[in-house]
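Structure at a glance
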Amino acid sequence: MTIDLDRIDLSTAAPAEEPARQFYFLAKCREWVKSFEQKHGRPPRSHVTTFGCQMNARDSEKLEGILKNAGYVEEPDEKKADFVIFNTCTVREHANQRLYGRLGQLNRSRKQNPEMKIALCGCMMQEAEVLEKLKKSYSFVSLVFGTHNIYKFAELLWACLDADRMLIDVWEDTDKIVEDIPSERKFSFKSGVNIMTGCNNFCSYCIVPYVRGRERSREPKDILREIEALVSDGVVEVMLLGQNVNSYGKTLEHPVSFAELLTQIEQIDGLERIRFMTSHPKDLSDELIEVMGNSKKICRHLHLPIQSGSTRILEKMNRRYTKEQYLMLTEKIRRAVPDISLTTDIIVGFPGETEEDFQETLDIVRRVRYDAVFTFQYSKRTGTPAAVMEGQVTPEVMKDRFDRLLAEVQAISTEVCSVHTGSVQEVLVESVNDHDPALLTGRMSNNLLVHFPGDPSLIGKLFSVRLKECRGFYYLGEGGHVLT
Ligand code: 5AD
Ligand code: SF4
């Protein structure tokens, strides 16, 4: 999106309506940047660090969009930046500890650059104890805001530029969705697209509903408009994002199902691939399975978190499906989309989990034979029902189960992933290989990566590749021809 910031009259008061208000503050930030340039003989440098999920990654692109439009240049080394922002995650305790560690380090570098401003946003900032700790022990932080008001980053940036105290703006919840805020894409050819925010499921271990608020869906017309604009700007693959995309549209004034939304997106000319995440098994409809089976564009990959294979634990987790229902669901999906790759999330060591429950988890892993499993040790999140449940599992038992699960899933996924050896697959070429510049890296529809010799001019194109050799979780291939 192009914005003519020069045409905004900064001598008047800020407009009340959005997004005009944010453009006004963006123009003000740009004035500030110009005076910085005059003073220092260079533009200010910014650095954005993202923790956590794809939703955060997408939010960070919005932060980067504002910073770039204001005139900041991206600085890969955070120590050298004038404005550093951490977009935080709090899904597991470990993520919080990492942030405090990083802040401590950065404060030491700040001594060399006293003008450095540090900002924090994202899920962790929605927790009252975190705010208390920041106020007490990290008072060098300039700006703190949460998940509900990220759309007003331009206004907050402006307010913190000349302030000498920590500015905090964290909202409990919101019913607002602000469209058309500029964003900066990491890749020219693919993009995440938020279709909804928040979560209403309250799985008993999970902090997300408390920090991301209630479920809200964007209007289909706004989503379609955004994707059409992305496609006309060179995007061929979109990843539709939400904590629970299967319940998309239920809270809209005119409800629309996720399957209907996908059908409409499929019709966009020039769009080649559609991905989405995350799906909750309890809301995955037959209609969606049918749409996936008939689609030419929806990728052959479904991330379907199971969390545990024990029906008893699933009930305590408030997941609202049984092991058997989950198994039947995966069978139904495989019948409709035979070449689909299934991936999942599993938590070990949920309170009350016995060895028998854990065996049920191993059993489901052996039966479903996932392409990949993201394994987590249960992490106690204050304020969630599970945090006060009896039978908290000791760290030793948790680690032992985690190691056994990992060994099992790795053995299975190596076998599952290698079945495509020898076939010719369509890949979207994403980058030059990190380790060998003679190789390119492409992503198959089923989400597996392939490294193959090729020219960087192929980046962003769909390309056919023959899979020569499977190396566990990726392939080595040889190039064929351009498909788009
Ligand atoms: N402890 C461990 N893992 C968790 N997850 C969510 N909350 C917790 C927690 N308290 C995992 C779930 C979810 C993934 C994104 O993170 O498996 O699907
Ligand atoms: Fe957390 Fe459950 Fe919502 Fe996923 S569906 S974000 S695990 S509460």
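Residues numbered from 1 in each chain as written. Chains lettered and ligands numbered in written order. Predicted model: local features only at pLDDT ≥ 70, side-chain atom pairs only at ≥ 80, totals over all residues. Heavy atoms only, no water.

**Re the side chain of Glu-215**
Topologically, Glu-215 is positioned in the loop between helix H6 (208-212) and strand S9 (216-217). With no salt bridge to any partner, buried Glu-215 finds its closest opposite charge in Lys-250, at an N-O distance of 6.6 Å. Reaching out from Glu-215, the side chain makes a polar contact with the side chain of Ser-247 at a distance of 2.7 Å. Among residues more than four places away in sequence, those in contact with Glu-215 are Met-196, Thr-197, Gly-198, Cys-199, Asn-200, Asn-244, Ser-247 and Thr-251. (Helix = DSSP H or I, 4+ residues; strand = E, 2+ residues; numbered from the N terminus. Buried < 20%, exposed > 50% of the residue type's maximum accessible area, 1.4 Å probe, protein only. Lys, Arg positive; Asp, Glu negative; His and termini not counted. Salt bridge = Lys/Arg side-chain N within 4 Å of Asp/Glu carboxyl O. Polar contact = N/O pair within 3.5 Å; in protein donor to acceptor, adjacent residues only side chain to side chain. Contact = heavy atoms within 4.5 Å.)

**Some words on the site of ligand 2**
Near ligand 2, the surroundings consist of Cys-199, Asn-201, Phe-202, Cys-203, Tyr-205, Cys-206, Val-208, Pro-209, Gln-243, His-280 and Arg-319. Residue classes in the shell around ligand 2 are distributed as seven nonpolar, three polar and one charged. (Near = heavy atom within 4 Å. Nonpolar A, V, L, I, M, F, W, Y, C, P; charged D, E, K, R; others polar.)

**Considerations on the sheet that holds strand S7 (residues 190-194)**
Spatially, the three strands line up as an open sheet ordered S7-S10-S11, and their pairing is parallel. Pairing within the sheet leaves two strands with one partner each, and these edge strands are S7 and strand S11 (273-277). Pairwise comparison of adjacent strand axes, ignoring direction, gives a mean angle of 25° for this sheet. Pairing between S7 and strand S10 (residues 237-241): five bridges, direction parallel. Among the inter-strand pairings, Gly-192 is bridged to a residue of S10, identified as Met-239. Strands in contact with helix H2 (residues 54-70) are S7, S10 and S11; relative to S7, the strand with the most contacts, it is inclined by about 100°. (Pairing = 2+ DSSP bridges. Axes fitted to C-alpha atoms, helices over the stretch in contact; angles between N-to-C directions.)

**Here's the deal with the packing of aromatic side chains**
All told, the structure shown has 16 aromatic pairs when counted by the stated rule. Between the aromatic rings of Tyr-24 and Phe-25, the centroid separation amounts to 5.3 Å while the plane-to-plane angle is 85°, which identifies the pairing as edge-to-face. The same class applies to Tyr-24 as to Phe-25, namely buried. Between the aromatic rings of Tyr-151 and Trp-171, the centroid separation amounts to 6.1 Å while the plane-to-plane angle is 70°, which identifies the pairing as edge-to-face. Taken together, the positions of Tyr-151 in the loop between strand S5 (143-145) and helix H5 (153-161) and Trp-171 in the loop between strand S6 (167-169) and S7 put the pair 20 residues apart, joining distant regions of the chain. Judged by relative accessible area, Trp-171 falls into the partly exposed class, the value being 23%. Following the ring pairs from residue to residue traces out a cluster consisting of Tyr-72, Phe-83, Phe-145 and Phe-153. It is Lys-133 that lies over the ring of Tyr-100; its NZ or CZ is 4.2 Å from the centre. Directly above the ring of Phe-187 sits Lys-190, whose terminal nitrogen or CZ lies 4.8 Å from the centroid. (Phe/Tyr/Trp six-rings, centres within 6.5 Å; stacked < 30°, edge-to-face > 60°. Lys NZ or Arg CZ within 6 Å of the ring centre and 35° of its normal.)

**Some details on the environment of Arg-216**
Among the structural elements, Arg-216 can be located in strand S9. For Arg-216 and Ser-247, which are 31 residues apart along the polypeptide, the C-alpha to C-alpha distance reads 10.0 Å. The contacts of Arg-216, once residues within four sequence positions are left out, are His-148, Asp-173, Thr-174, Asp-175, Lys-176, Ile-177, Ile-195, Met-196, Thr-197 and Thr-251.

**Looking at the environment of Ser-418**
Tracing the backbone shows Ser-418 in the loop between helix H13 (395-417) and strand S15 (424-432). With 52 residues separating them in the primary sequence, Ser-418 and Cys-470 have C-alpha atoms 5.4 Å apart. When near neighbours in sequence (up to four residues on either side) are disregarded, Ser-418 contacts Cys-470 and Tyr-475. Among the polar contacts listed, one links the side chain of Ser-418 to the backbone oxygen of Glu-415, at a separation of 2.9 Å.

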